[in-house]
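# Inside the fold
This is what each chain is made of:
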Amino acid sequence: MKHNNSGVTALNLPMVDPLPEDIQKYFDICDEKLGLVPNVLKAYAFDMEKLRAFSDMYNELMLGDSGLSKLEREMIAVVVSSINRCWYCQVAHGAAVRELSGNPKLGEALVMNWRMADLDDRQHTMLSFAEKITKTSSETQEADREALRQAGFSDRDIWDIAATVGFFSMSNRMASAVGMQPNDAYHANHR
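Residues numbered from 1 in each chain as written. Predicted model: local features only at pLDDT ≥ 70, side-chain atom pairs only at ≥ 80, totals over all residues. Heavy atoms only, no water.

Taken together, the side chains of L11, L13 and F46 define a hydrophobic patch exposed on the protein surface, amounting to about 220 Å² of accessible area. With respect to the helices, strands and loops of the structure, L13 is situated in the segment before α1 (21-34). (Patch = residues over 30% accessible without salt bridge, like charges linked within 9 Å, V, L, I, M, F, W, Y side chains within 5 Å. Areas by Shrake-Rupley, 256 points an atom, 1.4 Å probe, with all protein chains shown as cover. Salt bridge = Lys/Arg side-chain N within 4 Å of Asp/Glu carboxyl O. Helix = DSSP H or I, 4+ residues; strand = E, 2+ residues; numbered from the N terminus.)

This is how it looks when you write it as structure tokens:
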């Protein structure tokens with residue numbers, strides 16, 4: 001099967017053809033569960049080690065065990081991506097927030113201005129911290145972590161918030177630098 005990476009990024013890095021069996025299986029699972037293979041995976045598919053490293057970290061952070069719900073992790077992804085103006089991640093993770101919350105307005109507010117979203121105190125505290133460490137991580141103090149604890153987050157949760165922010169800060173920069181395009185389907189999903 002010939003794999004085409006055209007339109008996924010501004011770079012001309014062809015996908016490995018054929019894909020290794022484990023990667024093809026992963027792409028097939030994505031297609032079955034999501035109805036598509038995310039373009040970010042296709043973008044990384046020119047180098048299997050980079051794709052595996054990216055996918056392993058993403059799956060651990062976003063789908064692994066955590067005191068943060070999947071929705072909370074997606075909310076962090078959208079807020080970080082909005083601050084970083086990452087086109088790909090705002091679109092893709094905005095769709096995930098709409099799906100997980102059942103609330104199209106929430107996904108839109110987080111992309112445009114998260115402070116306008118209808119959030120509870122826990123979510124507001126979490127997203128304030130995510131914003132701070134996205135913009136000015138060196139200014140983080142114990143009082144910031146204590147505010148999270150007071151909102152009900154454990155130290156492990158604080159680690160997971162920081163790791164999610166860090167991952168998306170990296171991912172946003174990669175997506176923007178290579179001109180990564182979101183899958184068209186994300187735009188209409190869960191509206």
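Picking up after the structure, the text goes on.
Turning our eyes to something else, we now look at the nonpolar core. One finds F27, I76, Y88, L110, L127 and I161 to be the most contacted residues of the largest nonpolar core, which totals 57 residues. At the level of secondary structure, the elements contributing two or more residues to this core comprise α1, α2 (39-44), α3 (48-63), α4 (70-83), α5 (87-101), α6 (104-113), α7 (121-136) and α9 (155-177). Per element, the largest residue contribution to this core is seven residues, and it comes from α4. The contact partners of I76, leaving out residues within four places of it in the chain, are L68, M126, L127, A130, I161, T164 and V165. (Core = buried A, V, L, I, M, F, W, Y, C linked by side-chain atoms within 4.5 Å. Buried < 20%, exposed > 50% of the residue type's maximum accessible area, 1.4 Å probe, protein only. Contact = heavy atoms within 4.5 Å.)

What follows deals with α9. With 23 residues, α9 should reach 33 Å at 1.5 Å per residue; the first-to-last C-alpha distance of 33 Å fits that figure. Here α9 has its buried residues at D157, I158, D160, I161, T164, V165, F167, F168, S169, S171, N172 and A175. For α9, the secondary structure elements touched by its buried residues are α3, α4, α5, α7 and α8 (142-150). Count one or two residues on from α9 and you reach G179, which has phi positive near 65°. (Expected span 1.5 Å × (residues − 1).)

A word on the side chain of T140. Relative to the helices and strands, T140 is located in the loop between α7 and α8. Within the structure, T140 has its side chain in polar contact with the backbone oxygen of S137 (distance 2.9 Å). Once residues lying within four places of it in the same chain are set aside, the contact partners of T140 are F129, K132, I133 and R145. (Polar contact = N/O pair within 3.5 Å; in protein donor to acceptor, adjacent residues only side chain to side chain.)

A few words now on the layout of surface pockets. What the largest pocket holds in volume is close to 850 Å³. Together, 29 residues line the largest pocket, and L34, P38, Y58, L63 and E74 are the ones closest to its centre. At the level of elements, α1, α2, α3, α4, α5 and α9 are the ones that each hand at least two residues to the lining of the largest pocket. Examining the composition of the lining of the largest pocket, we find that eight residues originate from one element, α5, more than from any other. A breakdown of the residues in the lining of the largest pocket according to their chemical character gives 20 nonpolar, five polar and four charged. Of the pockets and cavities examined, the second largest pocket occupies roughly 160 Å³. Around the second largest pocket sit R85, W87, Q90, V91, G94, R98, G107, E108, V111, M112, H187 and R191, which together line it. Of all elements in the fold, only α5 and α6 reach the threshold of two or more residues within the lining of the second largest pocket. (1 Å grid on protein atoms, 1.4 Å probe; cavity = no way out; pocket = protein on both sides within 12 Å on 5 of 7 lines; lining within 4 Å. Points joined across faces, edges and corners; volume = space filled by probe spheres on them. Nonpolar A, V, L, I, M, F, W, Y, C, P; charged D, E, K, R; others polar.)

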